[in-house]
Amino acid sequence: QVRTRDDVGLRFSRNVLSKNTGTFRVDFRPTVKYPNGGVIDVYLRQDANNYYWLRNTDGYGGGFLKKVTGGTVVSTSFAKGYSQNKSYTIKIDFSPGLTTVNAFGQVLRINTNRSSIMVKSFEINTEQQTAYYDNISY
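Residues numbered from 1 in each chain as written. Predicted model: local features only at pLDDT ≥ 70, side-chain atom pairs only at ≥ 80, totals over all residues. Heavy atoms only, no water.

Trainee: Break down the overall build of the chain for me, with residues and values.
Mentor: Across its full length, the chain holds zero helices and eleven strands. Walking the chain from its N terminus toward its C terminus, one meets helices and strands in the order β-β-β-β-β-β-β-β-β-β-β. Taken over C-alpha atoms, the radius of gyration comes to 14 Å for the chain, in line with the 14 Å a tight globule of 138 residues would show. For the chain, the spread of C-alpha atoms along the principal axes amounts to about 40 × 30 × 25 Å. Scored against the burial criterion, the 138 residues of the chain give a buried share of 47%. In the chain, 69% of the contacts between residues at least 6 apart in sequence involve partners at least 24 apart. As displayed, the chain has an accessible area near 6,800 Å², and 42% of this comes from carbon and sulfur atoms. The average position of the 18 basic charges and that of the 10 acidic charges among the side chains of the chain differ by 6 Å. (Helix = DSSP H or I, 4+ residues; strand = E, 2+ residues; numbered from the N terminus. Rg over C-alpha atoms; globule rule 2.2 N^0.38 Å. Buried < 20%, exposed > 50% of the residue type's maximum accessible area, 1.4 Å probe, protein only. Contact = heavy atoms within 4.5 Å. Areas by Shrake-Rupley, 256 points an atom, 1.4 Å probe, with all protein chains shown as cover. Lys, Arg positive; Asp, Glu negative; His and termini not counted. Charge placed at Lys NZ, Arg CZ, Asp CG, Glu CD.)

As structure tokens, this is what we get:
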């Protein structure tokens, strides 16, 4: 369980076997937002200039999926945010030619940037949100 408060966040991360094609998955159950909204960020990183970034919120509108390669950013947006006390599986299938996210009852795709990202770590940031994380797989 990750517990935060208003204007407080918590980040956890882990180095993983380097891959440019694969699947990342995590179960997410948000339980309390502070005061008006919670935020989840998921990064799959090669380095500071090359990464995938998924963000969504409860209270601040729908988030996004971004693919960042050497300063070039391609993005797509969620139509809506998430809700408290509901379980979600966040699944990110990544490859140079196609990245697909299935999360929060929505599917996002990026296929316009074919640059390769060698994912070496994942990072999850939780802001203004108490939540449970389980079944993290890569």
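Trainee: Tell me about the environment of Thr-100, and please be specific about residues and values.
Mentor: Its place among the elements puts Thr-100 in strand S8 (residues 99-103). Owing to a relative accessible area of 16%, Thr-100 belongs among the buried residues under this scheme. Once residues within four sequence positions are removed from consideration, Thr-100 is found in contact with Lys-91, Ile-92, Asp-93, Val-107, Leu-108 and Arg-109.

Trainee: Break down the environment of Tyr-133 for me, citing the residues and quoting the values.
Mentor: Mapped onto the elements of the fold, Tyr-133 is located in strand S11 (residues 129-137). The spacing of Tyr-133 and Thr-76 is 57 residues in sequence and 24 Å in space, taken between C-alpha atoms. Those residues in contact with Tyr-133, other than ones at most four positions away along the chain, are Val-2, Phe-12, Val-26, Asp-27, Phe-28, Ile-40, Ile-124, Asn-125 and Thr-126. A polar atom in the side chain of Tyr-133 sits 2.6 Å from the side chain of Thr-126. (Polar contact = N/O pair within 3.5 Å; in protein donor to acceptor, adjacent residues only side chain to side chain.)

Trainee: How would you sum up the nonpolar core? Please name residues and give values.
Mentor: The biggest cluster of nonpolar side chains holds 29 residues, and the ones touching the most others in it are Phe-28, Ile-40, Leu-54, Ile-90 and Phe-104. For this core, the secondary structure elements donating two or more residues are strand S2 (22-33), strand S3 (38-47), strand S4 (50-58), strand S7 (88-94), S8, strand S9 (106-110), strand S10 (119-127) and S11. It is S7 that provides the largest number of residues to this core, a total of four residues. The residues touching Phe-28, leaving out its near neighbours within four places in the chain, are Ile-40, Tyr-82, Lys-86, Ser-87, Tyr-88, Ile-90, Phe-104, Ala-131, Tyr-132 and Tyr-133. Listed in part, the five residues of the second largest apolar core include Tyr-43, Tyr-51, Phe-64 and Val-68. (Core = buried A, V, L, I, M, F, W, Y, C linked by side-chain atoms within 4.5 Å.)

By themselves these figures say nothing about function.
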